[in-house]
Amino acid sequence: MGSRQVYEALEAEVAATGLDDVAVRRVGCLGLCASGPLVAVPELETLFEGAGPGNSGAREDIVSTLKGEPRGGRPMAGDPFFSRQVKVVLERCGRVDPESIDDYLESGGYEALAKVVASMSPDEVTSEVVKSGLRGRGGAGYPTGLKWRTVAKEAGPAGKFVVCNADEGDPGAFMDRSVMESTPHQVLEGMAIAGYAVGANRGYVYVRAEYPLAAERLALAIRQAEQRGYLGARVAGTRFSFHVELRMGAGAYVCGEETALIASVQGERGTPKPRPPYPAASGLWGCPTLINNVETFANVPPIISRGAEWFSSIGTERSKGTKVFSLAGAVKNTGVIEVPMGLTLREIVFDIGGGLAPGRRFKAVQTGGPAGGCLPEELLDMPVDYESLTQAGSMMGSGGMIVMDDSTCMVDVAKFFMDFCRQESCGKCVPCRVGTHEMWRLLDRMTRGAASRRDLEQLESVAGMVRAMSLCGLGQGAPNPVFSTLRYFRDEYLAHVDEHVCPAEHCQMGAPERAGVGPA
Amino acid sequence: MSEVRTLQIDGKDVAGRSDETILSVAQENEIHIPTLCHLEGLSDVGACRLCVVEVEGAPKLLPACTTRVDEGMKVTTTSERLVSYRRRVVEMLFVERNHICAVCVANNNCELQAQARDLGLDHFELPLMHPALPVDASHERFVMDHNRCILCTRCVRVCDEVEQAHTWDVAGRGAGARIVSDLGTPWGSSSTCTSCGKCVQVCPTGALFEKGRSISEPKARRPYLPYLVRVKGRER
């Protein structure tokens, strides 16, 4: 809060002190979200935390440090929060002014797009993405190059579309927001390259209305890029044209599902449709449509600039590159981080996250959002990649990572995610509409100490049916938090249903039933 | 440009066109697949999930009403797992709203009731939700009882696709989803409803009914269906 005021105050103070060689800049996310507002002095590798407008002491420290008398601040060199990260997507986050295209251009921005339209064939671009091994960062990890090639091969006599899915909605996930607010041009550049590769001349960014700053900066970035000729009629002076428009979501989580997203962009009720046909063949207004997530697009310009080989040298055998996570929950350093694929959960939670608060014990880490799962202490040394997470009963998801300590009740965690799913279910198909509600009621009964062994059996049976029978990913994934907590924390469920005891002493046994059908 | 595809449904060799669904090819060959939201002559939405089938090699169950046939496909329409899942779908619909057959205008004339009977649903294991929902009796000839509605959206589709009035649509989400007329105003004050009654005829339950009908009174519903199909066919 108050970063703009901090910027203004600091600029005035720096000017008053006569520090001519210091430039004060507004930049995007510096990573340590919980400690904001943040001021970084890159040359001295020092970060000042909590420098809010009321904290004049922090500003004095900064000015003093700038004058050559280091005072306060957090040294960034050697701090594992910074040194363990590898920045590809977030390379410019916290370095460039998100509202300035000049800043972006100065840092090498739009060079990849200019190179692509001037000297590469669409097929070469797609091949480069295929070779890089990039996989969809929205959750499922579908090979991006394969998706591009599929759309490229569709005929599309009435045109094709590129859509950026910026409807980030998982509880505890805020990475895409950070990318859009920090380097909106990088996302647009990725989209334009994709448009060139698949033969699309129109693009949409579907951004949720809950992210007004991201939408504002994207809109500004689109205008700037059009003025400079990187978007619009003649991209970088060539015959390739690419127009981008913003579309705002209206608060429905399910609109992150691609067929629902398409319906929403078209102005219809945002409900999913059975696939096939896939959007690659029949998407927006029936035309071939490429849908990728914000982070996926932001990975494209670095891949083109530095080459597929460089990109595929990062990460594991089947999961290439880096992944941006929003690290939240019971860790010291909460914020947006980017790590190479294959880093272990332990390294993320304890090295980068700085571990838990004193006296608290690690219990689980939740990844993958409402369709993901909770991973216990035994799995801390598991590498974080698509296959390992799925095998362990969770998923990569879009990149939310919530750390839980021993005061957390896992039945309550499952109930929280089920409550989310039942409220976000669109209501189209029966298993998801009724099943998520019934599972939530069974879990609610458990956390009130009113459940029996029979209810637990019922929960497992409904969860299996909802997973197999639901129409879209929301319903198919909704039982996952139940399955993963049952897999690793069954004892806690048994304590709730057999002894009516909550081992974490979180649940209020004997609490009255929460009334209510329908959206709470 | 449809081509002929040969496939197997329940071990039986059958042939279909590439633009046909598993459901239509199965029906043509007198293989029964239960359906609820599907209605011949209307577009398919794959929402009720009753018609899901197993397709060899497919990792997920697929709805027969929207999945096109493919060469060499091996489809299983009935298995222990499928029957138990389908029974659960019908159970979910019963517990979701108030479906007390004995006092329902559609008793013995109800597709939900028929599915429950066919699938052997004789008791409910899930807790009842049974919210008290409003009944819209503002229309001079028809009534919309939300307590009996299963959100199959047949009424929405017939009104949009055949009558082309688009009086009905869905509002809200999850368990709070409701069929609404004209952006949520009472049906009787609708400026788009033509009072054609098609929605009443296609409703599988007692949610939409004609005023003056008593409990269990049989409805002349069936003759309307071929009519609707013919209308659709002529438009194509």
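A quick note: this is a predicted structure, and the numbers were derived from the prediction, not measured.

**A closer look at the overall build of chain B**
Inference 1: What chain B contains, in helices and strands, is 6 helices and 10 strands.
Inference 2: Taken along the three principal axes of its C-alpha coordinates, chain B extends 55 × 45 × 35 Å.
Inference 3: Within chain B, contacts between residues at least 6 apart in sequence are counted, and of these 61% link residues at least 24 apart.
Inference 4: Entry remark: accessible area of chain B is about 10800 Å², with carbon and sulfur atoms responsible for 51%.
Inference 5: For chain B, the centre of its 29 positive side-chain charges and the centre of its 31 negative side-chain charges are spaced 3 Å apart.

**Brief notes about the nonpolar core**
Inference 1: By size, the foremost hydrophobic cluster in this structure holds 60 residues, and its most contacted members are A:Trp148 and A:Leu188.
Inference 2: Discounting chain neighbours no more than four positions away, the residues touching A:Leu188 are A:Tyr110, A:Val205, A:Leu218, A:Ala221, A:Ile222, A:Leu231 and A:Val244.
Inference 3: Counting residues in each nonpolar core, the second largest holds 58 residues, with A:Met469, B:Leu36, B:Cys104 and B:Leu126 among its members.

**Concerning the interface of chain A and chain B**
Inference 1: The partner chain B presents 33 residues to the 36 residues of chain A that form the contact.
Inference 2: Summed over both sides, the interface of chain A with chain B buries roughly 2900 Å², with 60% coming from carbon and sulfur.
Inference 3: At the surface where chain A touches chain B, the tally comes to 3 salt bridges.
Inference 4: The partner of A:Arg433 in a salt bridge is B:Glu96, with the nearest N and O atoms 2.8 Å apart.
Inference 5: Counted by class, the side of chain A that touches chain B contains 15 nonpolar, 12 polar and 9 charged residues.

**A look at the domain arrangement of chain A**
Residues and elements named next belong to chain A.
Inference 1: Under the domain assignment, chain A is made up of domain 1 (3–77), domain 2 (101–312), domain 3 (322–405) and domain 4 (410–499).
Inference 2: Computed from C-alpha atoms alone, the centre-to-centre distance between domain 2 and domain 4 is 35 Å.
Inference 3: Across the boundary between the two partners, domain 2 contributes 13 residues, which contact 9 residues of domain 4.
Inference 4: Across the interface of domain 2 and domain 4, roughly 870 Å² is buried in total on both sides, 76% from carbon and sulfur atoms.
Inference 5: Taken together, domain 2 and domain 4 are joined by 3 residue pairs in polar contact (both at pLDDT 80 or more).
Inference 6: When the residues that make up the side of domain 2 that touches domain 4 are grouped by side-chain class, the tally is 6 nonpolar, 4 polar and 3 charged.

**Structural notes on the sheet that holds strand E2 (residues 46–48) of chain A**
Inference 1: A sheet is described by the order of its strands in space; here 3 strands give the open sequence E1-E2-E3 (chain A), paired in antiparallel fashion. In the strand order of this sheet, the two ends are held by strand E1 (39–41) and strand E3 (74–75) of chain A, each with one partner.

**Quick word on the packing of aromatic side chains**
Pairs of aromatic rings are described using the distance from one ring centre to the other and the angle between the two planes.
Residue and element names in this part refer to chain A.
Inference 1: One pass over the structure, following the stated rule, counts 15 aromatic pairs over all chains.
Inference 2: Arranged with centres 5.6 Å apart and planes meeting at 50°, the rings of Phe 161 and Trp 285 form a pair that is tilted. One end of the pair, Phe 161, is in strand E4 (residues 161–166); the other, Trp 285, is in the loop between helix H11 (258–265) and strand E7 (289–293), with 124 residues separating them in the sequence.
Inference 3: Residue class for Phe 161 comes out buried when judged on its relative accessible area of 8%.
Inference 4: Members of the aromatic cluster, each reached through a chain of ring pairs, are Tyr 104, Tyr 110 and Tyr 230.

**So, the sheet that holds strand E6 (residues 243–249) of chain A**
All names here are of chain A.
Inference 1: The parallel open sheet is built from 4 strands, whose spatial order is E6-E5-E4-E7. Only two strands of the sheet have a single neighbouring strand rather than two, namely E6 and E7. Between one strand axis and the next, the sheet turns by 20° as a mean value, whatever way the strands run.
Inference 2: Inspection of the sheet shows strand E5 (residues 202–208) paired to E6 by 7 bridges, in the parallel sense. Across the sheet, the residue bridging to Gly 203 is Val 244, located in E6.
Inference 3: Against the sheet, H11 engages E4, E5, E6 and E7, with an angle of about 105° to E5.

**Observations regarding the environment of A:Glu378**
Residue and element names in this part refer to chain A.
Inference 1: Mapping Glu 378 onto the fold places it in the loop between strand E11 (373–376) and helix H15 (386–391).
Inference 2: Residue Glu 378 is classed as exposed on the basis of its relative accessible area, which comes to 63%.
Inference 3: Counting along the chain gives 28 residues from Glu 378 to Phe 350, while the straight-line C-alpha distance between them is 14 Å.

**Considering the pairing of E4(A)**
Each regular strand displays side chains that alternate between the two surfaces of the sheet.
Residue and element names in this part refer to chain A.
Inference 1: Counting buried positions along E4 gives 6 out of 6 residues, so the element sits mostly inside the fold.
Inference 2: Pairing analysis gives 6 bridges linking E4 to E5, with the strands arranged parallel. When the bridges of E5 are listed, Ala 166 appears paired with Val 207.
Inference 3: Looking at chain direction, E4 and E7 are connected through 5 bridges and run parallel. Residue Cys 164 lies in a different strand from E7, and its bridge partner there is Asn 292.

**Concerning unusual backbone geometry**
Inference 1: A:Pro276 follows A:Arg275 through a cis peptide bond whose omega is -5°.
Inference 2: Going from A:Pro276 to A:Pro277, the amide bond is cis rather than trans, its omega being 5°.
Inference 3: Following the sequence through the fold, A:Pro277 ends up in the loop between H11 and E7.
Inference 4: A positive phi is found at A:Ala236, a non-glycine position, where the angle reads about 50°.
Inference 5: Within the secondary structure layout, A:Ala236 lies in the loop between helix H10 (212–227) and E6.
Inference 6: Using a relative accessible area of 32% as the deciding quantity, one classes A:Ala236 as partly exposed.
Inference 7: Backbone geometry at B:Gln164 places phi at a positive 60°, although glycine is not the residue there.

**Topic: the state of the cysteines**
All names here are of chain B.
Inference 1: By the definition in use, this model includes 0 disulfides over all chains.
Inference 2: The closest cysteine sulfur to the non-disulfide-bonded Cys 199 is located on Cys 196, 6.1 Å from its own sulfur.
Inference 3: The class of Cys 199 is buried, set by a relative accessible area of 7%.

**Topic: the confidence of the model for chain B**
Inference 1: Scored by pLDDT, chain B comes out at a mean of 91, with 91% of its residues at no less than 70.
Inference 2: Taken over the whole predicted complex, pTM reads 0.94, whereas the ipTM for its chain interfaces reads 0.93.

**Observations concerning helix H18 (residues 453–469) of chain A**
Inference 1: The end-to-end C-alpha distance of H18(A), which contains 17 residues, comes to 24 Å, matching closely the 24 Å that a straight helix rising 1.5 Å per residue would cover.
Inference 2: For H18(A), the set of buried residues is A:Asp455, A:Leu456, A:Gln458, A:Leu459, A:Val462, A:Ala463, A:Met465, A:Val466, A:Ala468 and A:Met469.
Inference 3: Where H18(A) is buried, its residues contact helix H17 (430–447), helix H19 (473–477) and helix H20 (480–499) of chain A together with strand E3 (52–55) and helix H2 (80–96) of chain B.

**Quick look at the side chain of B:Gln115**
Inference 1: As for its position among the elements, B:Gln115 is in helix H3 (residues 111–118).
Inference 2: For B:Gln115, a relative accessible area of 9% puts it in the buried group.

**Description of the side chain of A:Ser394**
Residues and elements named next belong to chain A.
Inference 1: Inspection of the secondary structure puts Ser 394 in the loop between H15 and strand E12 (400–405).
Inference 2: Given the relative accessible area of 4%, Ser 394 is considered buried.
Inference 3: In this structure Ser 394 touches Thr 367, Gly 372, Gly 373, Leu 375 and Leu 389, once residues within four positions along its chain are discounted.

**Details of the packing of helix H6 (residues 122–132) of chain A against helix H7 (residues 144–153) of chain A**
All names here are of chain A.
Inference 1: Interaxial distance between H6 and H7 falls to 7 Å at its minimum, and their mutual angle equals 155°. Taken together, the axes of H6 and H7 are roughly antiparallel relative to one another. The chirality of how H6 crosses H7 is left-handed. Here H6 contributes Asp 123, Val 125, Thr 126, Ser 127, Val 129 and Val 130 to the contact with H7, which in turn contributes Thr 144, Gly 145, Leu 146, Trp 148 and Arg 149.
Inference 2: Looking at the contact of H6 with H7 residue by residue, the classes come out as 5 nonpolar, 4 polar and 2 charged.

Cut-offs applied
- Residues numbered from 1 in each chain as written.
- Chains lettered and ligands numbered in written order.
- Predicted model: local features only at pLDDT ≥ 70, side-chain atom pairs only at ≥ 80, totals over all residues.
- Heavy atoms only, no water.
- Helix = DSSP H or I, 4+ residues; strand = E, 2+ residues; numbered from the N terminus.
- Contact = heavy atoms within 4.5 Å.
- Areas by Shrake-Rupley, 256 points an atom, 1.4 Å probe, with all protein chains shown as cover.
- Lys, Arg positive; Asp, Glu negative; His and termini not counted.
- Charge placed at Lys NZ, Arg CZ, Asp CG, Glu CD.
- Core = buried A, V, L, I, M, F, W, Y, C linked by side-chain atoms within 4.5 Å.
- Buried < 20%, exposed > 50% of the residue type's maximum accessible area, 1.4 Å probe, protein only.
- Buried area = accessible area lost by both parts, 1.4 Å probe.
- Salt bridge = Lys/Arg side-chain N within 4 Å of Asp/Glu carboxyl O.
- Nonpolar A, V, L, I, M, F, W, Y, C, P; charged D, E, K, R; others polar.
- Domains from an automatic or database assignment.
- Polar contact = N/O pair within 3.5 Å; in protein donor to acceptor, adjacent residues only side chain to side chain.
- Pairing = 2+ DSSP bridges.
- Phe/Tyr/Trp six-rings, centres within 6.5 Å; stacked < 30°, edge-to-face > 60°.
- Axes fitted to C-alpha atoms, helices over the stretch in contact; angles between N-to-C directions.
- Disulfide = S-S within 2.5 Å.
- pLDDT = per-residue confidence, 0-100.
- Expected span 1.5 Å × (residues − 1).
- Parallel < 35°, antiparallel > 145°, perpendicular 65-115°, else oblique.
- Left-handed = near helix turned anticlockwise from the far one by under 90°.

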